[in-house]
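Below, each chain spelled out in residue letters.
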Amino acid sequence: MTVFGNDLLKLVRKMLCNLYKVGLMMKISIFLGVLLSLMVSACGGSTSSSKLTPSSSSEAAAAKASFNQANGWVTDADGHVIIFHGFNMVAKETPYTLESVGFDDDDGAFLAEHGFNAIRLGFMWKAAEPEPDQFNEGYLNSIERTVNALGKHKVLTLLDFHQDAYNEAVEGQGFPDWTVYDDGIPWLPLIPKEAQLVYQRVWDNFWANKQGVNNTRLWDHFANFWQHIATRFRNNPNILGYDLMNEPWPGLQTPLCLNPLVCPHNDTLSKFYGDVIPKIRQYDANTPFYYEGSLLAGGGMALDIDIKDPNTVLSFHNYCLLTVVGAIAGIPTPKFVGDLTCPELEKLTFDNSITQAQTQGHPAVLTEFGSVPDLDAVERVAKQADDYKVGWMHWTYFNTGTTNFPGTPSLVLDPSKAPTTDNINTELLKVLSRPYPQKTAGTPVKWDFDSDSKVFDMSYTTLRADGAGSFEKGGETTIFVPKLHYPNGYKVSVTGGNVISEANAPYAVITANNGASQVAVKIEPRL
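A quick note: this is a predicted structure, and the numbers were derived from the prediction, not measured.

J.: When you look at the side chain of H265 in this model, what are you seeing that I'm missing?
T.: The residue H265 is located in helix α10 (residues 265-281) in this model. Residue classification places H265 among the buried positions, given a relative accessible area of 0%. Each residue touching H265, except ones within four places of it in the same chain, is listed here: W207, P248, W249, P250, Q253, C257 and S294.

Encoded structure:
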């Protein structure tokens, strides 16, 4: 492209971004509404009564949290900053378990081999509590077996109540049938669910905290469900957090939220989280709670939620609106159009999300992105996540037994078979298995991986993220180095520290020199 062409591209991109930010795109809100209505998440035994015991003060004092947060970072029990790279795994068809689609031990081993240390494991409230206060322990046993199978390979689990469009009664899944209140509004043929009045009413009744069965309000039912989950998993060392609800839908507030500046549904979510989080926290004093903005926030719309609990993490999604809509419609967005518009829209989502997290004083983790066949776009978002210094979980590990945008690539083609070469999307693996600092003895300043040159750069201070002094000499920083990108090995140069791992090990382990305040690391391929 000529210099003039480059300048024109930059100018047009900047103009589009500015128009978007000042809200002039509201002039085409009807069009945008149709597009956003299509942006549905694709990225979709024995029983027991709920007789729970809250965490006692002595139990909470004795327990040592596996993960916490400090000054905008996720940290482990020893204060290291932890970054997650991983995948979403959700079985959206009965019986809603990963075991039912073939996930087993070899998948956990495969993930660990390629540097993935986290899974966002979706599960269904409908399956966990099919009747009020009657919990399906057989289902939860299966979820727990999967969590422990992953943990065997040091792959941690973010438990995710993965509702998509509420319930089958309105063409969704996740919520139990007994939580659906549609006020008798009929379903109209040939109209997408996001434009159905009955769909809005079901959500509005939930957000209004309608009185439900057993003379109990819906938010209390929701809290009771999570209390049961928290009681079961609160001492499981393989749990990194609870993602309370996937992609809430704003109901009739949706048209007022089709802009990047203000959304009244954020106030509703503030009240909702303010109500249910303290009730769940009584049953688990230590595990981080991950919370989400509305589905629209994943496309750059406004995000401003007030969260009181000090041990929370923002779970946010990032999908370029144009490529998602093109994938759904079966009409791929021309690459030049995506390259022109998507970087700014993705950046807007990152900016909104990081601002939300910083304002509230807690970390952010990108828990969904991808879901389109354009691997350049997937790599672009992964690189943006590095720039913003956040971890991520890609959508999706498999497509079996779930609902996705047409053309959604998965890492494993058939989860019922072993994840060997002929059953793996190798091109996607090359994009996502990338060097990154899994554990930092200090506070990261920056990290970057150039996928062309294969050069990885990182710098960090030895100051603890919580501000309580510095890591002493010997504190270890662990960087995953994939053999996939370094088939002939790699060399490491360090300023302010030393490499203590063996040559060409899958993890480069760095320690700071005595008295060093900052460490710089460069990893390059051996030719």
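J.: Looking at this structure, I do not really get the sheet that holds strand β18 (residues 490-495). What am I missing?
T.: The strands making up a sheet are joined through hydrogen bonds of the backbone, oriented either antiparallel or parallel. Taken in spatial order, the four strands line up as β15-β16-β21-β18 in an open sheet, and their pairing is antiparallel. Both edges of this open sheet fall to β15 (443-450) and β18, since each of them pairs with a single strand only. Going across the sheet, the axis of each strand differs from the next one's by a mean of 10°, ignoring polarity. In this structure, β18 lies alongside strand β21 (residues 518-525), joined through six bridges in antiparallel fashion.

J.: How should the pairing of strand β2 (residues 67-70) be read in this particular structure?
T.: Side-chain positions along a regular strand alternate between the two faces of the sheet. Pairing geometry for β2 and strand β3 (residues 73-76), over four bridges, is antiparallel. Pairing of Q69 across the sheet is with V74, part of β3. Counting the residues in the hairpin turn of β2 and β3 gives two residues, including N71, whose phi is positive at 50°.

J.: I tried to follow the pattern of salt bridges on my own but got confused; where do I start?
T.: Pairing of side chains with opposite charge becomes possible as their charged atoms draw close. Going through the model one piece at a time under the given rule, you end up with 23 salt bridges. For K92, the salt bridge goes to D164, with nearest N and O atoms at 2.3 Å. With K92 in the loop between β5 (85-90) and α4 (98-101) and D164 in the loop between β8 (156-161) and α8 (197-207), the pair connects residues that are 72 residues apart, well separated along the chain. For the pair K92 and D164, one class covers both residues: buried. One salt bridge in this structure joins D177 and K126, with 3.1 Å as the shortest N-O distance. Taken together, the residues span a long stretch of sequence, with D177 in the loop between β8 and α8 and K126 in helix α6 (residues 125-128) at a distance of 51 residues. Note on D177: relative accessible area 47%, which makes it partly exposed. A single salt-bridge network, built from bridges that share partners, covers R120, D160, D243, E292 and E368.

J.: Looking at this structure, I do not really get the state of the cysteines. What am I missing?
T.: Joining two cysteines, a disulfide is a covalent bond between their sulfur atoms. A full pass over the atoms with the stated rule returns two disulfides. Covalent S-S linkage joins C257 and C263, the inter-sulfur distance amounting to 2.0 Å. One disulfide, between C257 and C263, carries an S-S torsion of 70° and so falls in the right-handed class. Summarising the burial analysis for this pair, C257 and C263 share the class buried. C320 shares a disulfide with C342; S-S distance 2.0 Å. Note on the C320 and C342 pair: the S-S dihedral is about -75°, so by sign convention the disulfide is left-handed.

Here is what the cut-offs are and how they apply
Residues numbered from 1 in each chain as written. Predicted model: local features only at pLDDT ≥ 70, side-chain atom pairs only at ≥ 80, totals over all residues. Heavy atoms only, no water. Helix = DSSP H or I, 4+ residues; strand = E, 2+ residues; numbered from the N terminus. Buried < 20%, exposed > 50% of the residue type's maximum accessible area, 1.4 Å probe, protein only. Contact = heavy atoms within 4.5 Å. Pairing = 2+ DSSP bridges. Axes fitted to C-alpha atoms, helices over the stretch in contact; angles between N-to-C directions. Salt bridge = Lys/Arg side-chain N within 4 Å of Asp/Glu carboxyl O. Disulfide = S-S within 2.5 Å.

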